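Here are the chains, one letter per residue:
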Amino acid sequence: MATVAELMEANLLQVFNERDDERRAKAIAATYAADVTFADPEGVATGHGELAAKAKGLLDQSPGFVFAAAGPVLVNHDLGHLAWAFGPEGAPPVVRGIDVALVEDGRIKKLYTMLLPD
């Protein structure tokens, strides 16, 4: 069973940073509960399908952009926190944010993304 830290890293790098639909789908199945809820400033996505569409849409509108961790994963029991940066590969990030996730039974059950101000 994956640790909270491993799930947080998979969320960022294997799901939201993955441009290949098939690899992303496999990572989603291994990382999130079937009824996962993902909330960001734009709205809420529920379930694997909506989460996959959210990740794909974000990557499709940002060609050449990549996510990178902006610090270590912080864990408190079943809660994970990871700061991140997003922007053109090899250039300063355009957006910074944090992900906070609640883990149940070895999968992310709830995921919240917050954008940091400039």
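Residues numbered from 1 in each chain as written. Predicted model: local features only at pLDDT ≥ 70, side-chain atom pairs only at ≥ 80, totals over all residues. Heavy atoms only, no water.

Undergrad: Explain the overall build of the protein to me, please; I cannot follow it from the model alone.
TA: On a plain count of helices and strands, the protein comes out with three helices and seven strands. Ordered by position in the sequence, the α and β elements of the protein form the string α-α-β-β-α-β-β-β-β-β. For a compact globule of 118 residues, the expected C-alpha radius of gyration is about 13 Å, and the protein comes in at 13 Å, within 12% of that figure. Principal-axis analysis of the C-alpha atoms places the extent of the protein at approximately 35 × 30 × 25 Å. The burial tally for the protein puts 37% of its 118 residues in the buried class. Put simply, of all contacts in the protein between residues at least 6 apart along the chain, 44% involve residues at least 24 apart. Total accessible area computed for the protein in this model is approximately 6500 Å², and 57% of it derives from carbon and sulfur atoms. Averaging the locations of the 10 positively and 17 negatively charged side chains of the protein gives two centres separated by 3 Å. (Helix = DSSP H or I, 4+ residues; strand = E, 2+ residues; numbered from the N terminus. Rg over C-alpha atoms; globule rule 2.2 N^0.38 Å. Buried < 20%, exposed > 50% of the residue type's maximum accessible area, 1.4 Å probe, protein only. Contact = heavy atoms within 4.5 Å. Areas by Shrake-Rupley, 256 points an atom, 1.4 Å probe, with all protein chains shown as cover. Lys, Arg positive; Asp, Glu negative; His and termini not counted. Charge placed at Lys NZ, Arg CZ, Asp CG, Glu CD.)

Undergrad: So what exactly am I meant to see when it comes to the nonpolar core here?
TA: As a rule of thumb, nonpolar side chains are buried together in soluble globular proteins. Core analysis: the biggest nonpolar cluster contains 23 residues, and Val15, Phe16, Tyr32, Leu51, Ile108 and Leu111 have the highest contact counts within it. Elements with a minimum of two residues in this core: α1 (4–15), α2 (21–31), β1 (32–40), α3 (47–60), β5 (79–88), β6 (95–104) and β7 (107–115). With five residues, the single largest contributor to this core is α1. Non-local contacts of Ile108, meaning those with residues more than four positions away in its chain, are made with Leu7, Asn11, Thr31, Tyr32, Ala33, Val36, Ala101, Leu102 and Val103. (Core = buried A, V, L, I, M, F, W, Y, C linked by side-chain atoms within 4.5 Å.)

Undergrad: Would you explain the pairing of β1 in this entry?
TA: Sheet analysis places β1 next to β7, joined by four bridges and oriented parallel. Within the sheet, the bridge partner assigned to Thr37 lies in β7 and is Lys110. Two successive antiparallel strands, β1 and strand β2 (residues 43–46), enclose a turn made up of two residues. (Pairing = 2+ DSSP bridges.)

Undergrad: Sorry, what's going on with the packing of α2 against α3 here?
TA: A packed helix pair is summarised by two numbers, namely the angle formed by the two axes and the spacing between the axes. Viewed as axis vectors pointing N to C, α2 and α3 meet at an angle of 135 degrees, and their least axial separation amounts to 10 Å. As the angle between them shows, α2 and α3 are arranged oblique. Note on packing geometry: the crossing formed by α2 with α3 is right-handed. Contact with α2, carried on its side by Asp21, Arg24, Ile28 and Ala29, involves His48, Leu51, Ala52, Ala55, Lys56 and Leu59 of α3 and no other residues of that element. Split into classes, the residues belonging to the contact of α2 with α3 amount to six nonpolar, one polar and three charged. (Axes fitted to C-alpha atoms, helices over the stretch in contact; angles between N-to-C directions. Parallel < 35°, antiparallel > 145°, perpendicular 65-115°, else oblique. Left-handed = near helix turned anticlockwise from the far one by under 90°. Nonpolar A, V, L, I, M, F, W, Y, C, P; charged D, E, K, R; others polar.)

Undergrad: When you look at the pairing of β6 in this model, what are you seeing that I'm missing?
TA: Every other side chain in a regular strand lies on the same face of the sheet, so the side chains alternate between the two faces. Where β5 and β6 come together, eight bridges link them in antiparallel fashion. Within β6, the residue paired with Ala85 across the bridge is Arg96. Adjacent in sequence and paired antiparallel, β6 and β7 are bridged by two residues, among which Asp105 carries a positive phi angle near 55 degrees.

Undergrad: Teacher, can you tell me more about α3 here?
TA: Structurally, the α-helix is built with 3.6 residues per turn, so residues lying three or four positions apart point the same way. Spanning 14 residues, α3 covers 20 Å between terminal C-alpha atoms, matching the ideal 20 Å at 1.5 Å per step. Listing the buried residues of α3 in full gives Gly47, Leu51, Ala55 and Leu59. Considered in projection along α3, the buried side chains sweep an arc of 135 degrees and stay on one side of the axis. Opposite the packed face of α3, turned more than 90 degrees from it, sit the exposed residues Gly49 and Asp60. Elements in contact with the buried residues of α3: α1, α2, β1 and β2. (Expected span 1.5 Å × (residues − 1). Arc of directions from axis to C-beta.)

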